[in-house]
Amino acid sequence: MAFADPIMVEVERKLDAGIPLSMDDGLALYRTWDIHTLGRLARRQKERKSGKKVFYVLNRYINSTNVCFAGCTFCSFAADEFKEPQRVFRMTADQVFAKAVETGTNFNQIHIVGGHDPRQLSLDYWLPLMRRFKAALPHVQLSLFTAAEIEYMAKRHRMSFPQIVTELKNAGLDNVNGGAAEIFAEATRAKICANKVSASNWLLLHEELHRQGVASNATMLYGHIESIEDRIDHLIRLRESQERSPGFNAFIPLAFHPDGNELSYCGWTTGLDDIRTFAVARLMLNNFDHIKAYWMIQGLKVCQVALEFGADDMDGTHGSTDEEMIYHSAGTQSGQYVDDREFRRLIEEAGYLPVRRNSTYDEFPWDWAPDALPVSSAALPESSAALPESSAALPESSAALPVSS
Ligand code: SF4
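The text that follows walks through the structure, step by step, so that each part is easy to find. Because the structure is a prediction, the values reported are computed rather than measured.

**As for the overall build of the chain**
Line of reasoning, step 1. Each helix and strand in the chain was counted, giving 15 helices and 11 strands.
Line of reasoning, step 2. Counting all 405 residues of the chain, 61% fall into the buried class.
Line of reasoning, step 3. Intrachain contacts of the chain at a sequence separation of at least 6 include 78% that bridge at least 24 residues.
Line of reasoning, step 4. Here the chain displays about 15800 Å² of accessible surface, and carbon together with sulfur accounts for 53% of that area.

Put into structure tokens, the structure is as follows:
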């Protein structure tokens, strides 16, 4: 095979020998002008992992609250309850449950994330709601929280990471979402999300989840103030974490969106940067099974092209109304819902086999539907999610509390 860029010869030799790519290799992949060979190598790695399959999930996506005091500079979603009360929303547990089933029960995953809300983000709210989901919808996997939310709850309840993971697992947690990873490189992280989970605690928490049998995903927020070195460093830290404590299923590159946040001067990512990032991730993360092209972030058209550059997952159908608020606050032009027939059309046109999955990549026929549910969801008792009256009930300073063992 003739290579347009000679650096690709060495990269292919390493890939064929199963040798993890280095920082220098990753930088070279980002800098090469030979985008076609980059795509070919990434596609070949993808096919080594998942053959001709490309996955999607019938799911429900909910942002349960936008109240947050973390102040991440890239965030357009969070609302300060005291400064901008008109923007605040905070769903009760009953509202979350009702939203999840408003268009029926034939879905395999519920994905919920929210802000660091002192009145919602507690085990008192979540454990009864999780048990209610599991009782009413045993076929639905719970993909809840990010590491930032779990760390917040651990501090709040004065629990170690192993303790809180056990509590959440016993209540039915199947998978933890990959958000809050942002960029691990500390100097950059300090400028974009100084007040939320540190890079080391993000990794520690995911490794504890995996040790206790809870799956998770991982993300990287790119296209803001980070350097290319930061991106490759991020991927290598994830690869090393997966080596120490396997359990990540998918890596999801998240393109920065600039509307309505402090980093809006960074602008939008380009199509080529998006495509290159999918390919570089596929080549660097040799111990991750899946690279997800999340249609909500880069858009359906770019995500279809990403299937030619190493991605093997398009994420989920989402809801039918207005559930996704994080990227819609930041300017995404993606809608709120993709019919699963559209996923199959896009995947087949790219030459791949569409496969319906759940959070942990169990496979389902496209027309699978749950058997009769054990109890009518409407007949279930309402969740006893008592919210604390105010955030004044929280410990004075969570910074001093132990968060890991
Ligand atoms: S990104 Fe998450 S933690 Fe950061 S301000 Fe927004 S909602 Fe809060």
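**Concerning the pairing of strand 5 (residues 173–176)**
Line of reasoning, step 1. In terms of strand pairing, strand 4 (residues 141–144) meets strand 5 through three bridges, oriented parallel. The residue bridging Leu 142 from the neighbouring strand is Leu 173, located in strand 5.
Line of reasoning, step 2. Strand direction decides the pairing type here: strand 5 and strand 6 (residues 215–222), joined by two bridges, are parallel. Note on strand 6: the bridge partner recorded for Val 176 is Ser 216.

**Brief notes about the site of the ligand**
Line of reasoning, step 1. Around the ligand, the surrounding shell consists of Cys 68, Ala 70, Gly 71, Cys 72, Phe 74, Cys 75, Phe 77, Ala 78, Gly 115, His 116 and Lys 196.
Line of reasoning, step 2. When the residues that make up the shell around the ligand are grouped by side-chain class, the tally is seven nonpolar, three polar and one charged.

**Things to note about the packing of helix 4 (residues 93–100) against helix 5 (residues 123–136)**
Line of reasoning, step 1. At their nearest, the axes of helix 4 and helix 5 sit 10 Å apart, and the two run at 30° to each other. One element, helix 4, and the other, helix 5, form an angle in the roughly parallel class. With respect to the hand of their crossing, helix 4 and helix 5 are arranged in right-handed fashion. Where helix 4 approaches helix 5, its residues Ala 93, Asp 94, Val 96, Phe 97 and Ala 100 are matched on the opposing element by Tyr 125, Leu 129, Arg 132, Phe 133 and Ala 136.
Line of reasoning, step 2. Classifying every residue of the contact of helix 4 with helix 5 gives eight nonpolar, no polar and two charged.

**Observations concerning the packing of helix 5 against helix 7 (residues 161–170)**
Line of reasoning, step 1. At a closest axis distance of 9 Å, the pairing of helix 5 and helix 7 adopts a crossing angle of 35°. Between helix 5, through Leu 123, Leu 127 and Met 130, and helix 7, the contact on the second element is made entirely by Ile 164, Glu 167 and Leu 168.
Line of reasoning, step 2. Of the residues contributing to the contact of helix 5 with helix 7, the split by class is five nonpolar, no polar and one charged.

**A word on helix 6 (residues 147–156)**
Line of reasoning, step 1. Among the 10 residues that make up helix 6, 10 are buried, leaving the element largely enclosed by the rest of the structure.
Line of reasoning, step 2. Packing partners of the buried residues in helix 6 comprise strand 3 (109–113), helix 5, helix 7, strand 5 and helix 9 (199–211).

**Some words on the packing of aromatic side chains**
Line of reasoning, step 1. This structure, assessed with the given rule, holds 11 aromatic pairs.
Line of reasoning, step 2. A ring pair is formed by Phe 77 and Phe 89, whose centres lie 6.1 Å apart and whose planes are at 65°; its orientation type is edge-to-face. Of this pair, Phe 77 sits in the loop between strand 2 (59–63) and helix 4 while Phe 89 sits in the loop between strand 2 and helix 4, placing them 12 residues apart in sequence.
Line of reasoning, step 3. Here a set of aromatic residues connected by ring pairs shows up, and it is made of Phe 184, Trp 202, Phe 248 and Phe 288.
Line of reasoning, step 4. Over the ring of Phe 97 we find Arg 132, and its NZ or CZ is 4.2 Å from the ring centre.

**Some details on helix 3 (residues 35–50)**
Line of reasoning, step 1. For helix 3, spanning 16 residues, the distance from its first C-alpha to its last is 22 Å, which sits close to the expected 22 Å at 1.5 Å a residue.
Line of reasoning, step 2. If you check which residues of helix 3 are buried, you get Ile 35, Thr 37, Leu 38, Gly 39, Leu 41, Ala 42, Gln 45, Lys 46 and Ser 50.
Line of reasoning, step 3. Buried positions along helix 3 lie against helix 1 (7–17), helix 2 (23–31), strand 1 (53–57) and helix 11 (271–284).
Line of reasoning, step 4. Phi for Gly 51, located one or two positions after helix 3, is positive at around 55°.

**Quick look at the pairing of strand 4**
Line of reasoning, step 1. Here strand 4 shows a buried face lined by Gln 141 and Ser 143 and a second buried face lined by Leu 142 and Leu 144.
Line of reasoning, step 2. Bridge count between strand 3 and strand 4: four bridges; the pairing is parallel. Each bridged residue has a counterpart across the sheet, and for His 111 the counterpart in strand 4 is Ser 143.
Line of reasoning, step 3. Between the parallel elements strand 3 and strand 4, the chain passes through helix 5 in a crossover that is right-handed.

**A closer look at the pattern of salt bridges**
Line of reasoning, step 1. Tallying each qualifying case throughout the model produces 30 salt bridges.
Line of reasoning, step 2. Here Arg 44 and Asp 16 are joined by a salt bridge, their closest N and O atoms 2.6 Å apart. Within this pair, whereas Arg 44 is found in helix 3, its partner Asp 16 is found in helix 1, the two being separated by 28 residues in sequence.
Line of reasoning, step 3. Taking relative accessible area as the criterion, Asp 16 reaches 46% and is therefore assigned partly exposed.

**Concerning the sheet that holds strand 3**
Line of reasoning, step 1. On the basis of which strands lie adjacent, the open sheet formed by seven strands has the order 2-3-4-5-6-7-8 and parallel pairing. Here the strands that pair on one side only, and so sit at the sheet edges, are strand 2 and strand 8 (290–291).

**Focus: the sheet that holds strand 11 (residues 363–364)**
Line of reasoning, step 1. Strand order in the open sheet formed by four strands is 9-1-10-11, with mixed pairing between adjacent strands. Two strands close off the open sheet at either side, each with one partner strand: strand 9 (313–316) and strand 11.
Line of reasoning, step 2. As paired elements, strand 10 (residues 353–357) and strand 11 share two bridges and run antiparallel to each other. The partner of Arg 356 across the bridge, within strand 11, is Phe 364.

**Here we look at the nonpolar core**
Line of reasoning, step 1. Ranked by internal contacts, the top residues of the largest apolar core, which has 115 residues, are Met 130, Phe 133, Trp 202, Leu 238 and Phe 251.
Line of reasoning, step 2. Setting aside residues no more than four positions away along its own chain, Trp 202 makes contact with Ala 147, Gly 178, Gly 179, Ala 180, Ala 181, Phe 184, Val 197, Asn 217, Ala 218, Leu 238 and Phe 248.

What counts, and where the lines are drawn
Residues numbered from 1 in each chain as written. Predicted model: local features only at pLDDT ≥ 70, side-chain atom pairs only at ≥ 80, totals over all residues. Heavy atoms only, no water. Helix = DSSP H or I, 4+ residues; strand = E, 2+ residues; numbered from the N terminus. Buried < 20%, exposed > 50% of the residue type's maximum accessible area, 1.4 Å probe, protein only. Contact = heavy atoms within 4.5 Å. Areas by Shrake-Rupley, 256 points an atom, 1.4 Å probe, with all protein chains shown as cover. Pairing = 2+ DSSP bridges. Near = heavy atom within 4 Å. Nonpolar A, V, L, I, M, F, W, Y, C, P; charged D, E, K, R; others polar. Axes fitted to C-alpha atoms, helices over the stretch in contact; angles between N-to-C directions. Parallel < 35°, antiparallel > 145°, perpendicular 65-115°, else oblique. Left-handed = near helix turned anticlockwise from the far one by under 90°. Phe/Tyr/Trp six-rings, centres within 6.5 Å; stacked < 30°, edge-to-face > 60°. Lys NZ or Arg CZ within 6 Å of the ring centre and 35° of its normal. Expected span 1.5 Å × (residues − 1). Right-handed = clockwise from strand over helix to strand, strands pointing away. Salt bridge = Lys/Arg side-chain N within 4 Å of Asp/Glu carboxyl O. Core = buried A, V, L, I, M, F, W, Y, C linked by side-chain atoms within 4.5 Å.

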